[in-house]
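Here are the chains, one letter per residue:
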Protein chains: 2
Amino acid sequence: MNIQINHKQEIPDSYLNISYYLNKYLHELPEPPLDPKTKQPIGPDALARLFPQELIRQEVTLEEFVPIPEEVQELYKMYRPTPLLRARRLEKVLGTPARIYFKYEGVSPVGSHKLNTALAQAYYNKKEGVRMLTTETGAGQWGSALALACKLFDMKCKVFMVKSSYAQKPYRKTVMHLYGAEVTASPSRETKSGTAFLLKDSKTTGSLGMAISEAVEVAATTEGAHYALGSVLNHVLLHQTIIGQEAKLQLMKEDVVPDVVIGCCGGGSNLAGISFPFLADKLSGKRNALRVVAVEPKACPSLTCGEYRYDSGDSAGMTPLMKMYTVGSDFVPPAIHAGGLRYHGDSPLISFLYHKKLIEAAAFSQQQCFRAAEIFAQAEGIIPAPESSHAIAQVISEAARAKKEGKRTVILFNLSGHGLLDLGAYEEFLQGGLYT
Amino acid sequence: MNIQINHKQEIPDSYLNISYYLNKYLHELPEPPLDPKTKQPIGPDALARLFPQELIRQEVTLEEFVPIPEEVQELYKMYRPTPLLRARRLEKVLGTPARIYFKYEGVSPVGSHKLNTALAQAYYNKKEGVRMLTTETGAGQWGSALALACKLFDMKCKVFMVKSSYAQKPYRKTVMHLYGAEVTASPSRETKSGTAFLLKDSKTTGSLGMAISEAVEVAATTEGAHYALGSVLNHVLLHQTIIGQEAKLQLMKEDVVPDVVIGCCGGGSNLAGISFPFLADKLSGKRNALRVVAVEPKACPSLTCGEYRYDSGDSAGMTPLMKMYTVGSDFVPPAIHAGGLRYHGDSPLISFLYHKKLIEAAAFSQQQCFRAAEIFAQAEGIIPAPESSHAIAQVISEAARAKKEGKRTVILFNLSGHGLLDLGAYEEFLQGGLYT
C-alpha cells in the first residue's frame, strides 16, 4: 500500500533499451541521423552543443539496460509505481469479453508520463554543469514536466509553447509559471527562426516543429544553456520504458499477458514507454503473437498517411535529418486539442518498427476521440487527456472486435495523462462544437 | 506496487466511528440536532424524507466500526489506498528537523477526498430505490464527486453551485456535466428559497448555506429524490475515516507515529477523515500527547472567532439546528478561492472536540495560504487545492516551531485535493492580485 516508501524495489532501477533487442535479434537498426548540410551521419560532437554527454551516449548505446541514477529513482517515488487498473466498468459498458487494463500515468504531479524523462534529462544536464534548459511544448504537458524538473534541480527553464495551445490551454502556462519557468508563445519575435515563421504567415497557429526551432536556437546561442526534447529521440523513449516494465510486473501478478498493447502516438514516447518492454519479448521470440498499435489523429496522420524518408525534426531545418514517417516538416496541422500529437513525424525507432511491421497504426478523428473519452470518464471516473483519448478510441474498437470474435483478448493501454487542463475542449465537445 | 489489485487488504473494510470512543472514554456525546420549529431533538423520522435509513442509522450509531459494503470497497479500488508521502524536499527548503508526511487524496478521479463519502452515500440511496440526488457545492469538489458517484450507480444528480465559485471555476462545471449531472448557479430562481435570497440581495455571491437550502428544497419536493451532504453530518465524517486508517497503517510501516495531525476545515470532513483514527487512540489513552489542528480561512473563521451554539445548517433555516461553532447561518463570506471552506459553521463532532479542547484551531489569510501552496508545489511538484493550502500554511508554522525547539516532530497532514481546477486563482496570485 505504502508504495512510495516500502515498495522501492517495484520501481525499475534501469531503463530498457530496445536497440539492444533490434541489434541482437533483428540484426538491424534504424538508419542514423544525418547532418542537414553534409547529409553525412552526424557524430556525437555535433550534438554536444545541445545535449549532455551521457544523453548523447544513451542515444546510440547498444547495452540492454541503462541504470537509473539514484537521485532520479528517488524523485520517481513522488508518483511511481503508477497504478495499473482493470477497466471493468468500461468492459461492462462495451459488453465485451475482452479484459481491458490500463497504466495510469496521470498520477504524476504534472499529470502525464512526461515527467519520467524530464527528471532524467534535467539530472544529466545538471550533472554536467548546465544552468538552463530550453524546450518546446504543444499542449503543455512536456513543458510543465520540464519546468518542474528544472525547479527540482535548480536550473532555469524556458519554454516555447505552440501558439494554438497557448491560447486553448491558459492554465498549463500557469502551471509552468508556478514551477518558475518562462513561457513564450511560438512562433515569437524573440528568435530569428520565430521571426522568419511570422514573416511567412503572421497568423500561423504554430507547430511543434516551429517551437523546436526556436528552443534549439536559444539553447545554441545562450551561454550555459542546453536544449531538451520531450519525445522523438532514442534517449527520451528509453526513459519512458519504466512504464512498460512496471506494467509487465503488475500484469504478471494478475497472471495475464497482453494480446495487444495500445498507445497514442505523436513523437512516440508514451507508446514506446508502454510497449518496448513487451516488444523486447516479441523480438526475442518469447511472445510472437503480441500486437502493438500506435494511434494518431486523422488531422496529423504521419504513420498512416506519411512517407518513410529522411526529414528535419523541426520546421526551420536546424535539427539533424531523421529517417521517419513524416507528413513534411513544414506541415501545420489543424489546431486540434490533442496538441501533443501535432507533430509532423514520428521517432526514428517507432518509424523503423512500423516500417518493419512490428507495430501497427490507426487514426481517429477528434470527434471520435472525445466520444471515446466521454465513455471512459463515465465508466472509470478519470477524464483522459485529449492525446490519451486516441488510445481509448482504439481500445473500444479492439473490444468490439473481441466481442465479434468471442475472444477474451487482453488489452493493455497507456493512459498517458489526465485531461483536467483540457476541460475547455471537453466543454466545447459537450456543447456539440467539435466537428473535426 | 499493484496496489489496486493485490493490496486489497490494505484498503480498510470498515469506517471507524469516533462517537464510540467519545461515549466509551469521555462518557459524553455532542448535543443532538433540534427541530427548527419545536426546538426538540429530532427523531430519525424527520430525516427520512431526505436520507436513506442506513445513513440515518449511521448518524447516531455507537458501534465502533461500520462495515463498508463490498460494492463500495470495489469502487474505492479506483484510487485507494491513496499514497502517503514524506515531503523531504519541503523539509529541506524549510530547513526543519521536523518530519513531514502527507496523505494525498488528490489521486481520486475527481481530485479530492470527497469521493470517499459520495460513493457510500450514492450506494445506500440506490439500495433504497432513490433515483435522484440533489446537493450543494462550493468550489465544486463535492459536486464533482457526487456527480461521478451518481453516474456509477445510474442515478440523476442535481447540483447547486455557489455563484462565486460557478464564475471562478468554470471547469468544475464541465467535470460535472461530463459525469452527466445538472448544475445550477446558486442562489437561483428555480427554488423558493433561492428566489427569496435573490430578492434580498440580487447581487449576492452566494454561500454554501444558501445552496444547501435550494438543494434540500428540491429533494423535499421531488418524487424519488433525496439530498446528499458533502460534510458536517456524522455519517459523512464517518466515511472519511478511511483516510486516517490507511495513513495509520502506512506510518506504522515507516515506524513513526505523528505528533501533530493537520487538516483544513470547512465543514470538517477531511480533517475528521485524517484525524479521527488517531484521536481514537488519544481518547482511549494510547497517545495522550497527540495534537490535532483544524485550519480555516481568516475570511470565514468559525472555530477561531465563532460562537458555540445551536444554529441552522443552511441560510433559509430548513435544516435541523445543530450545536456548532458558527459565524452565523446568514453570514456571506468574502469570495475567497477556497470555496470549500466558505461554510458558516463546523460539523457538530468537530465543534464538540474543539470545545472539549481535544483539537486546536488556526486561521490564515488567503495570501498566506497561496504562498504556502507555492512553496509546496515548487518542492513537491503537486499543486494543492486552495482549501488544502490552509493545512500547508499550518505545517510550515509547525515546522518553524520544530526548528526553533530543535525537535524532530512528526507532522502528518491531509492534502485533501489538487488545485488543477483552481489555476485561475494561482495565476491571480502569481500576478500579485490576491491581497485578502
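The structure we're discussing is the one just above.
Now for a quick tour of the structure. (Residues numbered from 1 in each chain as written. Chains lettered and ligands numbered in written order. Predicted model: local features only at pLDDT ≥ 70, side-chain atom pairs only at ≥ 80, totals over all residues. Heavy atoms only, no water.)

1. Points about the sheet that holds strand 13 (residues 360–364) of chain A
All names here are of chain A.
Move 1: Ordered by their spatial adjacency, six strands build an open sheet running 3-4-14-9-10-13, and the pairing between neighbours is mixed. Of all the strands in the sheet, just strand 3 (84–86) and strand 13 have a single pairing partner and so form its edges. Each strand of the sheet is rotated relative to its neighbour by a mean of 25°, with strand direction disregarded.
Move 2: Summarising the sheet, strand 9 (residues 260–264) and strand 14 (residues 410–415) pair through three bridges and their orientation is parallel. In the sheet register, Ile262 faces strand 14, and the bridge partner there is Phe413.
Move 3: Contacts from helix 14 (residues 269–283) reach strand 4 (99–104), strand 9, strand 10 (291–297) and strand 14 within the one sheet, and its direction differs from that of strand 9 by about 160°. (Pairing = 2+ DSSP bridges. Helix = DSSP H or I, 4+ residues; strand = E, 2+ residues; numbered from the N terminus. Axes fitted to C-alpha atoms, helices over the stretch in contact; angles between N-to-C directions. Contact = heavy atoms within 4.5 Å.)

2. As for the environment of A:Leu283
Residues and elements named next belong to chain A.
Move 1: Tracing the backbone shows Leu283 in helix 14.
Move 2: When its relative accessible area of 12% is taken as the criterion, Leu283 is described as buried.
Move 3: For Leu283 and Leu358, which are 75 residues apart along the polypeptide, the C-alpha to C-alpha distance reads 8.8 Å.
Move 4: With residues up to four places along the chain from it excluded, the contact list for Leu283 reads Ile18, Tyr21, Leu22, Tyr25, Leu26 and Leu358. (Buried < 20%, exposed > 50% of the residue type's maximum accessible area, 1.4 Å probe, protein only.)

3. Describing the relation of the copies chain A and chain B
Move 1: Under the fitted operation, chain A is carried onto chain B by 0.0 Å of movement along the axis and a turn of 180°, and the coordinates agree to an RMSD of 0.0 Å. In symmetry terms, the pair is related by a two-fold rotation axis.
Move 2: A symmetric contact is evident, with 100% of the interface residues of chain A recurring at the interface of chain B. (Least-squares fit on C-alpha atoms with pLDDT ≥ 70 in both.)

4. Details of the interface of chain A and chain B
Move 1: On the chain B side, the residues contacting the 48 residues of chain A number 48 residues.
Move 2: Here chain A meets chain B over a buried area of about 4700 Å², counting both sides, of which 66% is carbon and sulfur.
Move 3: For the interface between chain A and chain B, the tally reads zero salt bridges.
Move 4: At the boundary of chain A and chain B, one finds eight residue pairs in polar contact (both at pLDDT 80 or more).
Move 5: Split into classes, the residues belonging to the side of chain A that touches chain B amount to 26 nonpolar, 12 polar and 10 charged. (Buried area = accessible area lost by both parts, 1.4 Å probe. Salt bridge = Lys/Arg side-chain N within 4 Å of Asp/Glu carboxyl O. Polar contact = N/O pair within 3.5 Å; in protein donor to acceptor, adjacent residues only side chain to side chain. Nonpolar A, V, L, I, M, F, W, Y, C, P; charged D, E, K, R; others polar.)

5. Focus: the state of the cysteines
Move 1: Tallying each qualifying case throughout the model produces zero disulfides over all chains.
Move 2: Of the cysteine sulfurs around A:Cys157, a residue in no disulfide, the closest is that of A:Cys150, at 4.0 Å.
Move 3: Not engaged in a disulfide, the cysteine B:Cys264 finds its nearest cysteine sulfur in B:Cys265; these two sulfurs lie 7.6 Å apart.
Move 4: Using a relative accessible area of 1% as the deciding quantity, one classes B:Cys264 as buried. (Disulfide = S-S within 2.5 Å.)

6. Structural notes on the layout of surface pockets
Residue and element names in this part refer to chain A.
Move 1: Estimated volume of the largest pocket: approximately 940 Å³.
Move 2: Pro33, Ile42, Leu47, Leu233 and Pro320 are, among the 40 residues lining the largest pocket, the residues nearest its centre.
Move 3: Contributing elements (two or more residues each) for the lining of the largest pocket: helix 3 (44–47), helix 4 (53–60), helix 12 (208–221) and helix 13 (234–254).
Move 4: Per-element tally for the lining of the largest pocket: the top contributor is helix 4, with four residues. (1 Å grid on protein atoms, 1.4 Å probe; cavity = no way out; pocket = protein on both sides within 12 Å on 5 of 7 lines; lining within 4 Å. Points joined across faces, edges and corners; volume = space filled by probe spheres on them.)

7. Some details on the sheet that holds strand 4 (residues 99–104) of chain B
Residue and element names in this part refer to chain B.
Move 1: One open sheet holds the six strands; their spatial order is 3-4-14-9-10-13, and the pairing between them is mixed. Two strands close off the open sheet at either side, each with one partner strand: strand 3 (84–86) and strand 13 (360–364). The mean inter-strand angle of the sheet, taken between neighbouring strand axes irrespective of direction, is 25°.
Move 2: Sheet analysis places strand 10 (residues 291–297) next to strand 13, joined by five bridges and oriented parallel. Paired with Pro297 across the two strands is Phe364, which belongs to strand 13.

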